[in-house]
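Per-entry structural report
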Amino acid sequence: MKVNLKLIIGSILISQAQAIWPFDSSGSSSSLDSSPSETGSSGGTFPFDLFGSGSSLTQSSSAQASSTKSTSDSASSTDSSLFSSSNSGSSWYQTFLDGDSGDQKTDYAPFNLTCPSKKTFIRTASELSQQEKDYIHKRQETTNKNLIDFLSKRANLSDFDAKSFINDNAPNHNITIGLSFSGGGYRAMLAGAGQILGLDGRYEDANNHGLGGLLDSSTYVVGLSGGNWLVGLLALNDWLSVGDIVNGKSTIWQLQDSILNPSGMRIDKTIAYYYGLAQAVQAKEDAGFQTSVTDTWGRALSYQFFEEDDSGTGGANITWSSIRNLSSFQDHLMPYPIVVANGRTPGTYIINENSTIFEISPYELGSWDPSLKSFSDIQYLGSSVNNGNPNNTDICVNNFDNAGFIMGTSSSLFNQILLQLDNYSINSIIKMILEKVLTDVSDEEYDIAVYEPNPFFGADSAGIKSITTNDTLYLCDGGEDLQNVPFYPLIQNERGVDVIFAFDNSADTNSSWPNGTSIQETYKRQFSKQGKGTPFPFAPDYKTFLDKNMGDKPVFFGCNSSDLEDLVAWHENDKINVTDVPLVVYTSNTRMSYNSNFSTFKLSYSDQEKFGAIRNGFETVTRNNLTDDENWSTCVGWAIIRRQQERLGEEQSDECKKCFQEYCWTGGFKDAASVSSVSGISGLAAKTHTSGGTSSTTQQTSTTTGSSSNGGSSSTGSSSSSKKKNGGDLVNGGVPSSIFLVFNSLLGLIIAYL
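Below is a summary of the structure that appears in this document. (Residues numbered from 1 in each chain as written. Predicted model: local features only at pLDDT ≥ 70, side-chain atom pairs only at ≥ 80, totals over all residues. Heavy atoms only, no water.)

Some details on the overall build of the protein
Heads up, the rule is: Secondary structure counts use DSSP, requiring at least four H or I residues in a row for a helix and at least two E residues in a row for a strand, with both numbered from the N terminus. Categorising residues by exposure relies on relative accessible area from a 1.4 Å probe, with only protein chains included: less than 20% of the type maximum marks a residue as buried, more than 50% marks it as exposed, and the intermediate range marks it as partly exposed. Note on contacts: a residue pair qualifies if any of its non-hydrogen atoms lie within 4.5 Å across the two residues. To measure how exposed things are, a 1.4 Å probe is used in the Shrake-Rupley method; for residues, cover is taken only from the protein chains shown.
Looking only at helices and strands, the protein has 24 helices and 17 strands in total. Per-residue burial for the protein yields a buried fraction of 62% across its 754 residues. Partitioning the contacts of the protein with sequence separation of at least 6, the portion at a separation of at least 24 is 78%. If you sum the accessible surface of the protein, you get close to 26800 Å²; carbon and sulfur atoms cover 46% of it.

Considering the state of the cysteines
Filter applied, for reference: For the purposes of this analysis, a disulfide is any pair of cysteine sulfur atoms at a distance within 2.5 Å.
A complete count under the given rule lists three disulfides for this structure. The residue that forms a disulfide with Cys559 is Cys664, at a sulfur-sulfur distance of 1.9 Å. Measuring the twist about the S-S bond at about -105 degrees, one finds the Cys559-Cys664 disulfide to be left-handed. With Cys559 in the loop between strand E15 (555–557) and helix H19 (565–570) and Cys664 in strand E17 (residues 664–665), this pair connects stretches of sequence that are 105 residues apart. For Cys559, a relative accessible area of 4% puts it in the buried group. On the accessibility criterion, Cys664 (16% relative accessible area) is buried. The residue that forms a disulfide with Cys635 is Cys659, at a sulfur-sulfur distance of 2.1 Å. Because the sign of the S-S torsion sets the handedness, a value of about -80 degrees for the bond joining Cys635 and Cys659 places this disulfide among the left-handed ones. One end of the pair, Cys635, is in helix H21 (residues 632–648); the other, Cys659, is in helix H22 (residues 654–663), and 24 residues separate them in sequence. By relative accessible area, Cys635 is classed as buried at 3%. Given the relative accessible area of 5%, Cys659 is considered buried. Sequence-ordered numbering of the bonded cysteines in the protein gives a disulfide pattern of 1-2, 3-6, 4-5.

Focus on the environment of Gln304
This is how the line gets drawn: Definition of a polar contact: a pair of N or O atoms within 3.5 Å, with one able to donate and the other able to accept a hydrogen when the atoms are protein atoms, and with sequence-neighbouring residues admitted only if both atoms are side-chain atoms.
With respect to the element layout, Gln304 can be found in helix H11 (residues 293–305). Residue classification places Gln304 among the buried residues on the basis of a relative accessible area of 8%. In sequence terms Gln304 and Leu233 are 71 residues apart; their C-alpha atoms lie 9.4 Å from each other. Ignoring sequence-local partners within four residues, the contact set of Gln304 consists of Tyr186, Ile252, Trp253, Gln254, Leu255, Asp257 and Ile259. Within the structure, the side chain of Gln304 is placed 2.6 Å from the side chain of Tyr186, a separation counted as a polar contact.

Describing the pairing of strand E3 (residues 177–181)
For clarity, the cut-off: We treat two strands as partners when DSSP finds at least two bridges between them.
Among the five residues in E3, five count as buried, and that is most of the element. Burial of E3 is two-sided: the residues Ile177, Leu179 and Phe181 facing one way and the residues Gly178 and Ser180 facing the other way are all buried. Two elements, E3 and strand E14 (residues 499–504), share five bridges in a ladder whose sense is parallel. Paired with Ile177 across the two strands is Val499, which belongs to E14. Across four bridges, E3 lies against strand E4 (residues 220–223) in parallel orientation. Counted as the bridge partner of Ser180 is Val222 from E4.

Written out as C-alpha cells, the structure is:
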C-alpha cells in the first residue's frame, strides 16, 4: 500500500473549503433553536450542572436533532494561521516528509514472539473459559455486597431482608445482572453514557436521583458498535466513570470537530494526522498482514477515546487484551466487558439471523453458535494456526488486537449502504466520490474487518466448515442482522443471567428513534438453526411497539417464567429451566428534556449536543430523576430478584405485583412478532412432560424468511402508525443504525490502497 500524498493534500483542502460537514448541500443553519424554551415533557431537573453554576440546558421541543448539520462554531478557516509552524520544533512540511508521527509505525504493527508453552489457542464453546469463571467468581463477591446495598437503600423493598436473601442463596446461585448497550454511532455512545451514569454508584447524583449502585451490582456489560465504543473506552480507561467526563476530570470525547474533518487543527496538523493514520496502517501491512479501511477508522477513533500522552500516538499501542492488566479489572471492579460483531461469509452482502454472532472479551474471540462453537485466545490473534495449534512454535504474534481495531470492527456497513445511497441528501460531488469509492472497496471486500490469518482455521468444532477452511475471518457490524441491542452473550445459559437491562439507542424510525426492532429480531432468532437452545422472552413486532407507545417508558419482558414453559419446551434442552430465561428491562432512547435523536451519520457534536444527549440518557434510565415514578427504583429491585424468587417458589408481594402491572408486557406467542417457520408452540410443555423428556412434537427449525436487508422488515410488513411522542411514524426502511461509512469512504479516497 502506497500513500498518494497529492491526493491526501488535495482532499484535505477540499474538505477544509467545505467546512466541517460535507452533507449539508442546502447551507441551512443548525436545527437547534438558539433561544431558551421549555424543557419538553421533563418534570424534573437534571441533577448536575453541565455548563457552570446557574446555567441550564434547553432546547426547542420542535427541534429536529436528527439533522446531520453540525452546530460546531469551529468551522474551518484557511487563513495564514493554519500554516503556522510556531510552537513546533520543525516546519510542518519537514515533519510530514520525514514521516515523524510519533511511534505509530512501531506501536500499531503486530510483532512476532515465541509461542507460549500451551498447546492450543482455541477451545470448544461448551462452557465458560476458566479465566471468565475465575473473574466472575471474584466479581460476584463484590456484586453481592453491592446488590444488598442497592436493594436495601436504593430500592427499599418492603418487608424484604436483602442480606439474608442474597447471602443465604449464594451457594446455589448468585443473582447475575447484565447490561446491554445498543449500536447507533455517537448518538448511542452519548445516550448510553447518560444511561450508564444513572446506574453508577460513584456518581452521587445517581444515588440521590437515580439507580446508583446498579452498575456496581452488575456482572456483565455488553456493547455493539456505538455501545461497543462506550463499553470499550470506559473499560480501557481503567473503568472510567462518565461522571469524570461530565465534570471535566477526563479530557476524552472532544467531539466538536468531526473525526473526518478535524477543522480545529491547522492544515499542517491535519495533514500530519492523516499521514500518521496511513503510516500506522502501512506498518501493519509491511509486517505481512492484510489491512482494510477498518484499520484506519479504528486508529482515528482511538484519538477520541484515549487520553493524550506524550507520544501523541492516540492509543496506537493499546490492545484489547490489555484490559486484563488494568487495576480495575484485576481488582474485579468492573463488570466483565464483552463486545459483539457479526461474521460475514465472503462474497455475500446480506446478513440474516443465521449469520454467526461473535463476541469479544478481554480473553477471547469466538462464537457460541453451532456454525463455529469455538473461542480463540485474543492475545495471539494474527498467529498462523491449524485447529488452534501454532504452525511454527517459534513464531506467534502479539499486538494484532489493537483496541481501536476491535472497536472499529463494527463500523463498516457498505453491503447495505450501496443499496441506500440515493436516499440521502448528500452534496453531489461528495456523492459521486462516495459511489466510486464504495463500489471499489466492496469489490475488494474492504468493507469489513479482516482477521488474517483466520484464528479458527481447521477448527474441528465448527458446524459450517467454510468458516474454518478460509484463510481469512471477516467480521462486520454486529447490528447488520438487525439485532442492534446485543442480547446474544447474555442469553447463553452458561452465564446464568437473571435480568438484562437493555438500552436501545437505535435509529429505527424516520425520526431516528427506536421502534423495538432489536428485541423483535432477537426473539425471532431463537427459532432459527443458529438460535435454537437460547430461549428469549416473547416480544412484540415493531408495529405493536409503536402503537402501544412502548418506547415512552421502560418495559419488562418475560416477567413470569411460568408463561415461558411452552417456549422453553420448544428448544428441546432438558438442561434449561424456565427460570434460566432472563427477565428483560428494556429502555428506549426517548425525548425527556432533549432531542437526542441525532442521525447516525453525525460525526461532530457541540458541547451542548454532547451533554444534552448524556443528560437525556440519564433521565430515561432514572424515569426523569425519579419524578415520573418515585417508585421506579423499587420496581427495578423487584425485577432484579424475581427469577431467584421463582426458583425458590416465593410468591410476589403486593408491591411487586403493582410494579409488574405498571411495566410488564404480558403477551404470549400469539401476540409476539410472527415467525413464519413456527406455526405454534401451545401445549408443548405438557407433551414434553407426558413423554418423559424430549418433546414428541416435531418442529420446523428452518430460518425465518421474513427478515431482509431492509431495516424495517418484519413478518407483519411495513406499516405506518399514528404520530408518537418521538415522531415514530414510519419505519426507516433499512438504514443501518450503527454506520460510519462516511468516514471509511472518504479515508478510502484519501489513503489510497495501491
